[in-house]
Amino acid sequence: MDVLCFSGCVTLRCGAAPRRLAFGRAKIAIRVRAAKDGSESQVKDALHQFDTALAMNPNFDEAQAAYYNKACCHASREEPAKAAQALQTALRDYNVKFHVILNDPDLAPFRASPEFKALQDEARKGGEDTGSSFRRDLKLISEVQAPFRGVRKFFYVAFTIAAGIATFITVPRLIRALQGGEDAPSVTETAQNLAIDLAGIVAFVSLFIWDSKKEETQMSQITRNETLSRLPVRLGTGRIVEVVQLRGITRPVILAGTKESIKGALEKAERYRKDLLQRGVLLIPVEWRKKDETPKKKGFGRSVKAPAAGSGSDDFQKRAQDAALKAVLESEKRFVAEVVSQAEWERWIFEQQESEGVTGGEEVFIVLRLDGRIRKSGRGMPEWQELVKELPVLDSMMSKLER
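No experiment lies behind these values; they were computed from the predicted model shown. Every chain is numbered independently, its residues counted from 1 as its sequence is written. Selection of residues for local features in this predicted model requires a pLDDT of at least 70, selection of side-chain atom pairs for listing and counting requires 80 or more, and totals for whole chains, interfaces and linings are taken over all residues. Side-chain descriptors were evaluated using all non-hydrogen atoms of the structure, hydrogens and water having been removed beforehand.

Trainee: Describe in detail the confidence of the model for the chain, supporting the description with residues and values.
Mentor: Confidence per residue, as judged by the predictor, is encoded in pLDDT with a range of 0 to 100. Looking at the chain, pLDDT values average 78 and 78% of them are 70 or higher. Contacts: residue pairs with any heavy atoms within 4.5 Å of one another. Of the regions scoring below 50 in pLDDT, residues 1-38 engages in 81 contacts with residues more than four places distant in sequence or in other chains. Here residues 295-313 is modelled with pLDDT under 50, and outside its nearest four sequence neighbours on either side it reaches 42 contacts, counting other chains as well.

Quick look at the structure:
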């Protein structure tokens, strides 16, 4: 019985013939068939084959692929708890990188679940169940954005140790001063020294804690920015791209609210359409769904092709491809884009609202810079006339600096 799987192929030979496991790299036929006909039996059969493969003492690479693809199957069946369990094993024991989970379109249903949020928080903290690779990557980005934080924390620790040693020396001197005698040090002077040492310990420990909290907040923001960059939209021509692919050519403006409020905001925006287009504005409306409203299933994931990563001799080719893609997107983006994977967009907006102290589900707008970072946000819908005044046109020097 030959079975094709998501990350390659598993060949299970029945009877007396030897059993063999062989995993490749390309994503293959079961996913394609399931996407086309929506057959649950295909996914169920794939799950059975992965479980069978794992019971056959697979090697490291084979087990890695099996656990990861089990998670893809569970995500398609809307079983987030089982998907999270399989991914925890893949992250912890088989060195799967968290950014793969963030980018895989087959895991889009899972990324909209509370189980994914818990898994992501655990990975950001570097927990044992998810490994430390994701946190290590976040720390590297954080250090680039705040290059002197590590130096400051080093000095906080060094000064705290120095103050602790000084306190260790000063306490016996104070005891001797209180006991009195000819050679006893001054009580007042020794008490002042001790107070300075203790104050130094408190101050440096407080600064270390404060900087550590700032680092965690920054890494949370980096995580949200990474999530945002991978969210998909459908352009005016029907092409589906990720937000990251629009960097440098658009300033996305996210409008989140009820159908009525978004409709009103879009109608008002039409009055300033020409001015907004000159500033690279691309409107992305996200209508809040009703609690009993669920998105229609459309097979596995979505069709999104991000720019391929290259290195060394491939750098020139990659830059040429990126330039060509941006030229195509520039002609296709139009004025309003449609969100793909609604639940993922809602999840990101709720997390962003929570970070800014806004009640989840309120009407908000979020304006992004040309480099993809958040420029401004606020409750309600934007004042388009003010936004036109704030944003420079695309060919201005200010816009070039923003890229």
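Following the structure, the description resumes.
Trainee: So, the pairing of strand β9 (residues 374-379): which residues are in play, and what are the values?
Mentor: Here, strands pair whenever DSSP counts at least two bridges between them. Counting from the N terminus, the helices are the DSSP runs of H or I reaching at least four residues and the strands are the DSSP runs of E reaching at least two. Judged from the five bridges that link them, strand β8 (residues 364-368) and β9 form a sheet pairing that is antiparallel. Note on β9: the bridge partner recorded for L368 is I374. From the end of β8 to the start of β9, which pair antiparallel, there are five residues, and G372 there has a positive phi angle of about 95°.

Trainee: Could you give an account of the packing of aromatic side chains, naming the residues involved and the relevant values?
Mentor: Each aromatic pair joins two rings of Phe, Tyr and Trp (for Trp, the six-membered one) with centres within 6.5 Å, and gets the label stacked for planes under 30 degrees apart, edge-to-face for over 60, and tilted for any other angle. Throughout the structure, instances matching the rule amount to eight aromatic pairs. With a centroid separation of 5.7 Å and an interplanar angle of 75°, the aromatic rings of F110 and F116 are classed as edge-to-face. Residues F110 and F116 agree in their burial class; the two are buried. A 1.4 Å probe rolled over the protein chains alone gives each residue an accessible area, and that area as a share of the maximum for its type sets the label: buried under 20%, exposed over 50%, partly exposed in between.

Trainee: Please set out the sheet that holds strand β5 (residues 251-257) residue by residue, giving values where relevant.
Mentor: Read from one edge of the open sheet, four strands run β6-β5-β8-β9, paired in mixed fashion. The open sheet has two free edges, formed respectively by β6 (281-287) and β9, since each of these has just one partner strand. In this sheet, neighbouring strand axes are inclined to one another by 15° on average, regardless of whether the strands run parallel or antiparallel. Here β5 pairs with β8 via four bridges, running antiparallel. Paired with L255 across the two strands is F365, which belongs to β8. Packing of helix α14 (residues 342-355) onto the sheet brings it into contact with β5, β6, β8 and β9, and relative to β6 it is tilted by some 95°. Lines fitted to the C-alpha atoms define the axes, with helices restricted to the stretch that makes contact. Angles between their N-to-C directions range from 0 to 180 degrees.

Trainee: I'd love a proper account of a nonpolar patch on the surface, names of residues and values included.
Mentor: Any residue with relative accessible area above 30% and no salt bridge may belong to a patch, with like charges joined within 9 Å and the nonpolar Val, Leu, Ile, Met, Phe, Trp and Tyr side chains within 5 Å. Surface accessibility follows the Shrake-Rupley procedure with a 1.4 Å probe radius. Residue values consider only the protein chains on display as shielding. Here, a salt bridge means any Lys or Arg side-chain nitrogen found within 4 Å of an Asp or Glu carboxyl oxygen. Together, F148, V151, F154, F155 and F159 line one region of the surface with nonpolar side chains, adding up to about 540 Å² of accessible area. Within the element layout of this structure, V151 appears in helix α9 (residues 149-179).

Trainee: Tell me about the pairing of β8, residues and numbers included.
Mentor: Burial runs high along β8: five of the five residues are buried. Neither face of β8 is left uncovered, since the one carrying V364, I366 and L368 and the one carrying F365 and V367 both have all their residues buried.

Trainee: Mind laying out the sheet that holds strand β4 (residues 240-242), listing which residues take part and the relevant values?
Mentor: If you walk across this open sheet you meet the three strands as β4-β3-β7, and the pairing is antiparallel. Two strands close off the open sheet at either side, each with one partner strand: β4 and β7 (338-339). Relative to β7, strand β3 (residues 232-234) is paired through two bridges, and the arrangement is antiparallel. Bridged to V233 within β7 is V339.

Trainee: Please provide a residue-by-residue account of unusual backbone geometry, values included.
Mentor: The backbone of N57 shows a phi angle near 55°, a positive value even though the residue is not glycine. Along the chain, N57 falls in the loop between α2 (40-54) and α3 (60-76). Look at E78: it is not a glycine, yet its phi comes out positive at around 55°. Relative to the elements of secondary structure, E78 occurs in the loop between α3 and α4 (80-93). Overall, the relative accessible area of 54% leaves E78 in the exposed class.

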